[in-house]
Amino acid sequence: MKNFKFLVAALVLSAIAPMVQAQRVNEISQPIHRWKHRQEIIIPQILGYNVYKSDLHTHTIYSDGEVTPSYRVREAWRHGLDIVAITDHIEWRGTERKLLQYMDRYIPEEYNNNSRGINVSMMHDTTHLELGILSNLNAGYEQAVEANQQFGLLIVRGAEITRGANHFNVIFTTDNNKIYHPDLETSMRNALEQGALVMHNHPTHDKTTATSFTQIAEDLHKKGLITGIEIGNSIGLRTRFIDYCIENNFAPLSNSDVHATIDEMFFTDDNEGFYRNMTLILAHERTAEAVKEALQQGRCIAYFNNRLVGREEYLAELFKQSVSVEYMCDYHKEAKVVLINKSSIPYQVKYNGKDTAVIHAMGAVQIGVPMGVSEVEFMVTNLLCGNNKHPKVMMPVERK
């Protein structure tokens, strides 16, 4: 009888096992919900500071962007950011106006009395803009904060002020509705009175001025109103301004300035292997106060397509904390060592005065150095502490 029961149990198990296996395979093959998966970007501490990944220049449907604030938050979380600023234009409200063109406050009063008789040309008449900006300029930020409840990022309130070729972000504002003024400098000062910082966006080159900025921007720089300069913007790196930025202790920034989606802007076949533009902020904690203080002190690094721009001391320390050099063996009159990268940022190095190597993110590479050396000097060529200037870092050879 016992043998019979054992045989029955075995038959049942043999029948169930394939079903369980099929169920597990089916679970594994289920479509992945992309918003539930985050790409982590691993960067070690530098000089006792945490390194926070940020994008301080984004747009939504509340100016001329194509996506909602909640999408911007989900997108930032999924791509590994810690901080994102919503910086919709104050003066350019194209998408918002199209979306809300049928609301009474966006239509001149004389049109309201006969709304069904309005023709297309009347609907595109912009004379009513003389009434001023009537929308809530905090709406994008407020909706981003609401969406962020399930993601835990730091959401920064901001806005972009524009006059012709001169674009400036004000971040850490308290009320965007109180910023606008026909005069550019007055708009800035309205934001500064709220404790905001002013960032010079994608600066335009002008050969006629001492700084190569436009004359308007140069005057604002001389008055001490600017905290940071956007060296990296969208798909362009403004290398001509790196020296000015570093030498004058401005915060070097790299932001997306995204209007559509990050996937469309950055992640194509041509630039696979890069992250979106980021400003890496060195701060003790991820709070508005700590991040703001770091930017004021210029304690940040601009990341653009695996090139990083910043002060030499920060870049050198980033490399030291990311990479180790381990001795392997002596072989054919040279020592074989392995360069091990513990970060998500790849490094391009020059060593022995002429040889080059790439240390891939979370990877390692073997190189040859003179036998008996206790340390090796590297020039890290994808780190920029000036225009065409790279940090040189002396690394000890670890023997285990």
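Our structure is the block above this text.
About the cut-offs
Residues numbered from 1 in each chain as written. Predicted model: local features only at pLDDT ≥ 70, side-chain atom pairs only at ≥ 80, totals over all residues. Heavy atoms only, no water. Helix = DSSP H or I, 4+ residues; strand = E, 2+ residues; numbered from the N terminus. Contact = heavy atoms within 4.5 Å. Areas by Shrake-Rupley, 256 points an atom, 1.4 Å probe, with all protein chains shown as cover. Pairing = 2+ DSSP bridges. Axes fitted to C-alpha atoms, helices over the stretch in contact; angles between N-to-C directions. Buried < 20%, exposed > 50% of the residue type's maximum accessible area, 1.4 Å probe, protein only. Disulfide = S-S within 2.5 Å. Salt bridge = Lys/Arg side-chain N within 4 Å of Asp/Glu carboxyl O. Parallel < 35°, antiparallel > 145°, perpendicular 65-115°, else oblique. Left-handed = near helix turned anticlockwise from the far one by under 90°. Nonpolar A, V, L, I, M, F, W, Y, C, P; charged D, E, K, R; others polar. Core = buried A, V, L, I, M, F, W, Y, C linked by side-chain atoms within 4.5 Å.

## Overview of the overall build of the protein
Looking only at helices and strands, the protein has twelve helices and 19 strands in total. Across the protein, the fraction of contacts at a sequence separation of at least 24, relative to all contacts at a separation of at least 6, is 64%. Accessible surface for the protein amounts to roughly 20,200 Å². Of this, 51% is attributable to carbon and sulfur atoms.

## A look at the sheet that holds strand β17 (residues 375-380)
With mixed pairing, the seven strands of this open sheet are ordered in space as β15-β14-β17-β19-β12-β13-β16. The sheet is open, and its two borders are formed by β15 (355-359) and β16 (364-370), each paired with just one other strand. Each neighbouring strand pair of the sheet contributes to a mean axis angle of 40°, computed without reference to strand direction. Taken together, the two bridges between strand β12 (residues 323-331) and strand β19 (residues 392-398) define a ladder with parallel strand orientation. By the bridge assignment for β19, Val325 is matched with Val397. Where helix α12 (residues 312-322) meets the sheet, it contacts β12, β13 (334-341), β14 (347-351), β15, β17 and β19, and its direction lies at approximately 20° from that of β19.

## Some points on the environment of Glu313
By the secondary structure assignment, Glu313 is in helix α12. Overall, the relative accessible area of 46% leaves Glu313 in the partly exposed class. Residues Glu313 and Pro391, spaced 78 residues apart in sequence, show a C-alpha to C-alpha distance of 8.3 Å.

## Here's the deal with the state of the cysteines
In protein chemistry, a disulfide is the covalent bond that joins the sulfur atoms of two cysteines. Per the counting criterion, the structure on display carries zero disulfides. Free of any disulfide, Cys245 has its nearest cysteine sulfur in Cys300, 7.6 Å distant.

## Details of the pattern of salt bridges
Counted according to the given criterion, the structure contains 14 salt bridges. Notably, a salt bridge pairs Asp55 with Arg276, separated by 2.7 Å at the nearest N-O pair. With Asp55 in strand β1 (residues 50-55) and Arg276 in the loop between α10 (262-266) and β9 (278-283), this residue pair connects regions lying 221 residues apart in the sequence. Taking the relative accessible area as the measure of exposure, Arg276 reaches 2% and is therefore buried. With its nearest N and O atoms 3.4 Å apart, the salt bridge here joins Lys354 to Asp355. Look at Asp355 and you get partly exposed, because its relative accessible area is 25%. Each of the salt bridges in this network shares a partner with another, and the network as a whole consists of Arg38, Glu40, Lys53, Asp82 and Arg286.

## Some remarks on the packing of helix α2 (residues 69-78) against helix α6 (residues 139-147)
In contact at an axis separation of 8 Å, α2 and α6 are set at 50° when each is read in the N-to-C sense. With respect to each other, α2 and α6 are oriented oblique. As α2 runs across α6, the sense of the crossing is right-handed. Judged by residue contacts, Pro69, Ser70 and Val73 of α2 engage Gly140, Gln143, Ala144 and Ala147 from α6. By residue class, the composition of the contact of α2 with α6 is four nonpolar, three polar and no charged.

## Description of the nonpolar core
Within the largest apolar cluster, 50 residues are counted, with the highest numbers of intra-cluster contacts made by Ile301, Leu308, Phe319, Leu339, Tyr347, Val349 and Phe378. Ranked by residues supplied to this core, first place goes to α12 with five residues. Leaving out residues up to four positions away in the same chain, Ile301 has contacts with Ile46, Pro252, Met278, Thr279, Leu280, Leu282, Leu308, Val309, Tyr314, Leu315 and Leu318.

## Focus on the pairing of β1
Burial analysis of β1 places five of its six residues in the buried class, which makes it a mostly covered element. Both β1 and β9 contribute to a ladder of five bridges, which runs antiparallel. Across the sheet, Lys53 pairs through a bridge with Leu280, a residue of β9. The pairing of β1 with strand β2 (residues 83-86) spans two bridges and is classified as parallel. Residue Ser54 lies in a different strand from β2, and its bridge partner there is Ile83.

## Some thoughts on the pairing of strand β10 (residues 300-304)
The element β10 is largely enclosed, with a buried count of five among its five residues. Both faces of β10 are covered, namely the face carrying Cys300, Ala302 and Phe304 and the face carrying Ile301 and Tyr303. Two elements, β9 and β10, share four bridges in a ladder whose sense is antiparallel. In the strand pairing of β10, Thr279 is matched with Ala302. The pairing of β10 with strand β11 (residues 307-309) spans three bridges and is classified as antiparallel. Across the sheet, residue Tyr303 finds its bridge partner in β11, namely Leu308. Hairpin connection of β10 to β11: two residues between the antiparallel strands, including Asn305 at a positive phi of 50°.

This is a description of form; function is not addressed.
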